[in-house]
Amino acid sequence: MFPPSMEQSLIAILEDWAIRNPLLLALLLVPIALAVVGVIGSAWRSARRSAAAPLDGTAEAPALPELDREAPAAEAVAPPQVARMRDRLRLTREGLVGRIGQLLGGRTVDAQLLDQLESLLFEADLGVQTADSLLEKVRSEAGGGDAETVNAVLRAAILEKLRRIEPAEGLAAQGTPHVILVLGVNGAGKTTSIGKLAARYVASGRSVILGAGDTFRAAASEQLGVWGERAGCEVIVGPSGGDPSAVAFDTVKAAVAREIDVAIIDTAGRLQTKRPLMEELGKMVRVIGKGLADAPHEVLLVLDATTGQNAISQARLFTEVAGVTGLILTKLDGTAKGGVLIGLADAFGIPVKFVGVGEAAEDLRDFSADEFVEALFEDATEAESSE
């Protein structure tokens, strides 16, 4: 390109410049060297991939992670277990049987202990009649005995009383429709119990209709509507402040026309005076009977266990104004006054159909005398067997 003499001159100039400026020369050569190394490395990696490729030219699929064949299968989640009656009656057990155990200790039954036991039984919301009868049992059958003897006598006496009011069946169905009238004061858990009872009937495969007969409280109709929606059943509602008997009649006629299996009717829970209550409930019973012969088939009274002996007073009032056929005792899980159930059994002999021991629908349970007594005395039995 250039004459030889000129090339030699240029080379001499460059050599002279390089000798004079070695640092600049190094700065110029480093990028060139890095670029050359990069090209060579890229060519080497391409050659390796080509050598590893299958002869047929197809690309090899990346290896998938091997499954752990020994990994245990996911376990099915078990449904929540229904709480034991013993757990739900803890407060009553501690307030009644627990206090009796503390009183007895290692003592034997004598006059002084009987006096103390009498005071304890009267404070346990059993009612005067029941407390007296239990004390007499201890006096006649456990005189001179120890704690184990007293517990055995009390357990047998209470079980005998409760078996007399144990219902023959849980969810009754005497007619088509089977009509249930539900009574109780405001705050006893009446509307909630109706909702839970409806849910149980629906779960058993029966159709249900509800009647919002408490027309004096808008909240009662709304609450019943919520329960009806949960259970999947219709709710008959009348005008606010209207005639409860008209709602009861409409509910029965709707149940007959639609061939519903069960009709459950709410009532007002006002207790200002005895006569208006008697007249109102008596009218409802007569009107329901006009809508369907022999109805209502059941009249259930809802009582709040937390009110103690006041529940006995309420039962006395309602049984005078309506033919109560069964009791529902609510809120047993939140009170130490559950012994009132024994007093109710003694005073009225009315079957206890259901007991409420929690907020869920399944916590409205069929009453069982054996289960109730077992839950009350379980700790005492365990303590005796361990000695």
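Everything that follows concerns the structure shown earlier in this document.
Residues numbered from 1 in each chain as written. Predicted model: local features only at pLDDT ≥ 70, side-chain atom pairs only at ≥ 80, totals over all residues. Heavy atoms only, no water.

**Some words on the packing of helix α5 (residues 111-122) against helix α6 (residues 128-141)**
- Between α5 and α6, the shortest axis-to-axis distance is 9 Å and the interhelical angle comes to 150 degrees. Classed by the angle they form, the pair α5 and α6 counts as roughly antiparallel. Both α5 and α6 take part in a crossing whose hand is right-handed. Contacts between α5 and α6 involve L114, L117, E118, L121 and F122 from the former and V128, A131, D132, L134, L135, V138 and R139 from the latter.
- Considered class by class, the residues forming the contact of α5 with α6 number nine nonpolar, no polar and three charged. (Axes fitted to C-alpha atoms, helices over the stretch in contact; angles between N-to-C directions. Helix = DSSP H or I, 4+ residues; strand = E, 2+ residues; numbered from the N terminus. Parallel < 35°, antiparallel > 145°, perpendicular 65-115°, else oblique. Left-handed = near helix turned anticlockwise from the far one by under 90°. Contact = heavy atoms within 4.5 Å. Nonpolar A, V, L, I, M, F, W, Y, C, P; charged D, E, K, R; others polar.)

**Observations regarding the sheet that holds strand β8 (residues 364-366)**
- Spatial strand order, β3-β2-β4-β1-β5-β6-β7-β8: eight strands in an open sheet with mixed pairing. In this open sheet, the two edge strands, each paired with only one partner strand, are β3 (234-237) and β8. Strand after strand, the sheet turns through a mean of 25 degrees between neighbouring axes, direction not considered.
- The sheet contact formed by strand β7 (residues 352-356) and β8 spans three bridges and is antiparallel. Residue pairing for β8: V355 is matched across the bridge by R365.
- Strands β1 (178-183), β2 (208-212), β3 and β4 (262-265) of the sheet are contacted by helix α10 (residues 244-257), whose axis makes an angle of about 165 degrees with β2.
- With respect to the sheet, helix α12 (residues 310-321) is in contact with β1 and β5 (298-304), its orientation differing from that of β5 by roughly 155 degrees. (Pairing = 2+ DSSP bridges.)

**Some details on the packing of aromatic side chains**
- Under the defined criterion, the tally for this structure stands at one aromatic pair.
- R230 extends its terminal NZ or CZ atom over the ring of W227, reaching a point 4.7 Å from the ring centre. (Phe/Tyr/Trp six-rings, centres within 6.5 Å; stacked < 30°, edge-to-face > 60°. Lys NZ or Arg CZ within 6 Å of the ring centre and 35° of its normal.)

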